[in-house]
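What follows is the residue order along each chain.
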Amino acid sequence: VQLQASGGGLVQAGDSLRLSCAASGRTFSIYGMGWFRQAPGKEREFVGGISWSGGSTYYADSVKGRFTISRDNAKNTVYLQMNSLKPEDTAVYYCAANKNTLYRYYYTVAYKYDYWGQGTLVTVSS
């Protein structure tokens, strides 16, 4: 599976942005998907995850209520809708695919993911 993230940019605090992650390969629908982010000088952190069917979603506490993850398996694409953006949301955002999604925990840790996109930069100015 190859992943291509897009949609990043420079926005002001309070604005919205939608990230997309397009996947190649006909087996996209079997993968759990996740979004992570990495700010300068910080470790990569979990943002949100979605099950293969889209029926289950998971979020970091820092984005809960502001971000929404969704997927369209017919388009091989997963989305991250980000509302009420804050300067602390500034980071490079990565999408990733995970074959082993037996537990919620597996969505939240980077080492459980099998494939990664190249990242897209989101900058939120105050």
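For the structure, see preceding data.
Just so we're clear, the structure is a prediction, and the values are computed from it rather than from any experiment. (Residues numbered from 1 in each chain as written. Predicted model: local features only at pLDDT ≥ 70, side-chain atom pairs only at ≥ 80, totals over all residues. Heavy atoms only, no water.)

Caption draft 1: How the structure looks around the environment of Tyr 58. If you trace the backbone, Tyr 58 turns up in strand E6 (residues 57-59). Measuring from C-alpha to C-alpha, the distance between Tyr 58 and Cys 95 comes to 14 Å, with 37 residues separating the pair along the chain. Excluding residues within four positions of it along the chain, Tyr 58 makes contact with Phe 46, Val 47, Gly 48, Gly 49, Arg 104 and Tyr 107. (Helix = DSSP H or I, 4+ residues; strand = E, 2+ residues; numbered from the N terminus. Contact = heavy atoms within 4.5 Å.)

Caption draft 2: Quick look at the sheet that holds strand E3 (residues 17-23). Strand order in the open sheet made by the four strands is E1-E3-E8-E7, with antiparallel pairing throughout. Each having just a single partner strand, strand E1 (3-6) and strand E7 (67-72) make up the two edges of the open sheet. Direction aside, the axes of adjacent strands within the sheet are offset by 15° on average. For E1 and E3, the ladder comprises four bridges, and the chain directions are antiparallel. The partner of Ser 6 across the bridge, within E3, is Ser 20. (Pairing = 2+ DSSP bridges. Axes fitted to C-alpha atoms, helices over the stretch in contact; angles between N-to-C directions.)

Caption draft 3: A look at the side chain of Thr 108. Tracing the backbone shows Thr 108 in helix H1 (residues 104-108). If we ignore the near neighbours within four places in the chain, the residues touching Thr 108 are Phe 36 and Phe 46.

Caption draft 4: Up close: the packing of aromatic side chains. In this structure the tally under the stated criterion is nine aromatic pairs. Note on Tyr 31 and Tyr 115: the rings are 5.9 Å apart at their centroids and 80° apart in plane angle, and the pair reads as edge-to-face. You can see Tyr 31 sitting in the loop between E3 and strand E4 (32-38) and its partner Tyr 115 sitting in strand E10 (residues 115-116), a full 84 residues away along the chain. Classification of Tyr 115 as partly exposed rests on a relative accessible area of 29%. Positioned over the ring face of Tyr 106 is Lys 112, at 4.1 Å from the centre of the ring. (Phe/Tyr/Trp six-rings, centres within 6.5 Å; stacked < 30°, edge-to-face > 60°. Buried < 20%, exposed > 50% of the residue type's maximum accessible area, 1.4 Å probe, protein only. Lys NZ or Arg CZ within 6 Å of the ring centre and 35° of its normal.)

Caption draft 5: Main features of unusual backbone geometry. Positive phi, normally seen in glycine, also occurs at Asn 76, with a value near 55°. Along the chain, the position of Asn 76 falls in the loop between E7 and strand E8 (77-82). Under the relative-accessibility criterion, Asn 76 is labelled buried at 19%. A positive phi angle, near 50°, is found at Ser 84, a position not held by glycine. Residue position: Ser 84 is located in the loop between E8 and strand E9 (91-98). In this structure Ser 84 comes out as partly exposed when scored by relative accessible area, which is 41%.

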